[in-house]
Amino acid sequence: FGNPATKGAIDIQVNDPSNGLVAIRSQATGNYYLVAYTPVVVGPHRISITVGGKSIRGSPFHVLVDAGPIFGPNCLAYGGGLSEVGANSVGKFVVTAVDEGNNVIMRGGAIVRVS
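Enquirer: Help me out: how do you make sense of the overall build of the protein in this one?
Expert: When helices and strands are tallied, the protein shows zero helices and nine strands. Traced from its N-terminal end to its C-terminal end, the protein shows the element sequence β-β-β-β-β-β-β-β-β. For 115 residues, the compact-globule estimate of 2.2 N^0.38 gives 13 Å, and the protein exceeds it by more than 25% at 22 Å. Dimensions of the protein, computed from the C-alpha atoms along their principal axes, are close to 75 × 25 × 20 Å. A total of 115 residues make up the protein; the buried ones form 17% of that total. Summed over all atoms, the accessible surface of the protein reaches about 8,500 Å², with 55% contributed by carbon and sulfur. Of the charged side chains in the protein, 8 are positive and 6 negative, and the gap between their average positions amounts to 14 Å.

Enquirer: Is there a simple way to think about the confidence of the model for the protein in this case?
Expert: Caution is warranted with low-pLDDT regions, since their predicted coordinates should not be read in detail. Across the protein, pLDDT averages 89, with 93% of residues at or above 70. Looking at the elements of the protein, mean pLDDT is at its lowest for strand E3 (residues 24-29), recorded as 89, and at its highest for strand E7 (residues 61-65), recorded as 97.

Enquirer: I keep staring at the nonpolar core and nothing clicks. Help me out?
Expert: The tendency in soluble globular proteins is for nonpolar side chains to be buried side by side. Ile12, Val14, Val22, Ile47 and Ile49 together form the largest nonpolar core, which totals five residues. Secondary structure elements with two or more residues in this core: strand E1 (10-15) and strand E5 (43-51). Residues contacting Val14, with those up to four places away along its chain left out, are Gly20, Leu21, Val22, Ile24, Tyr37, Arg46 and Ile47.

Enquirer: Looking at this model, I keep getting lost on the side chain of Thr96. Mind explaining?
Expert: Its location among the elements puts Thr96 in strand E9 (residues 94-96). Overall, Thr96 belongs to the buried group, its relative accessible area being 16%. Beyond its immediate sequence surroundings of up to four residues, Thr96 is in contact with Cys75, Leu76, Tyr78 and Val104.

Enquirer: How should the pairing of E1 be read in this particular structure?
Expert: For a regular strand, the rule is simple: side chains alternate between the two faces of the sheet. Where E1 meets E5, six bridges bridge the pair, whose relative direction is antiparallel. Each bridged residue has a counterpart across the sheet, and for Asn15 the counterpart in E5 is Arg46. One ladder, built from two bridges, connects E1 with strand E2 (residues 21-22); its direction is antiparallel. By the bridge assignment for E2, Asn15 is matched with Leu21.

Enquirer: It is not clear to me how the pattern of salt bridges should be interpreted in this structure. Could you clarify?
Expert: As a working rule, side chains carrying opposite charge can pair if their charged atoms are close by. Here the structure, examined in full by the defined rule, presents one salt bridge. Residue Asp66 is joined to Arg107 by a salt bridge in which the shortest nitrogen-to-oxygen separation is 3.4 Å. Here Asp66 is found in the loop between E7 and strand E8 (76-78), whereas its partner Arg107 is found in the segment after E9, with 41 residues between them in sequence. What makes Arg107 partly exposed here is its relative accessible area of 41%.

Calculation rules
- Residues numbered from 1 in each chain as written.
- Predicted model: local features only at pLDDT ≥ 70, side-chain atom pairs only at ≥ 80, totals over all residues.
- Heavy atoms only, no water.
- Helix = DSSP H or I, 4+ residues; strand = E, 2+ residues; numbered from the N terminus.
- Rg over C-alpha atoms; globule rule 2.2 N^0.38 Å.
- Buried < 20%, exposed > 50% of the residue type's maximum accessible area, 1.4 Å probe, protein only.
- Areas by Shrake-Rupley, 256 points an atom, 1.4 Å probe, with all protein chains shown as cover.
- Lys, Arg positive; Asp, Glu negative; His and termini not counted.
- Charge placed at Lys NZ, Arg CZ, Asp CG, Glu CD.
- pLDDT = per-residue confidence, 0-100.
- Core = buried A, V, L, I, M, F, W, Y, C linked by side-chain atoms within 4.5 Å.
- Contact = heavy atoms within 4.5 Å.
- Pairing = 2+ DSSP bridges.
- Salt bridge = Lys/Arg side-chain N within 4 Å of Asp/Glu carboxyl O.

Shown next, in the form of structure tokens:
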């Protein structure tokens, strides 16, 4: 990704908001290292990269992870309008949009169809 690989032990660590480790996959390709990670927790993550025990320029990097796309099987619905409503009355309930990692989606825009 634009940073030539150098000789020496390269250590890459990705930490989630609770300082837990996020699994990474890396591959040396010519003069570069390709690194991939899949965070599942929403919030600030830290990526630390060292070569020979010394931090590279800019490390640690700070990445803000947002919730992923809405995942229907994990979404929640609650409220009185789901169990009983009188004729000519308004039934109300709430749908909480959640992603595949059970993170609540805090931004709008998800399409929820009620039928």
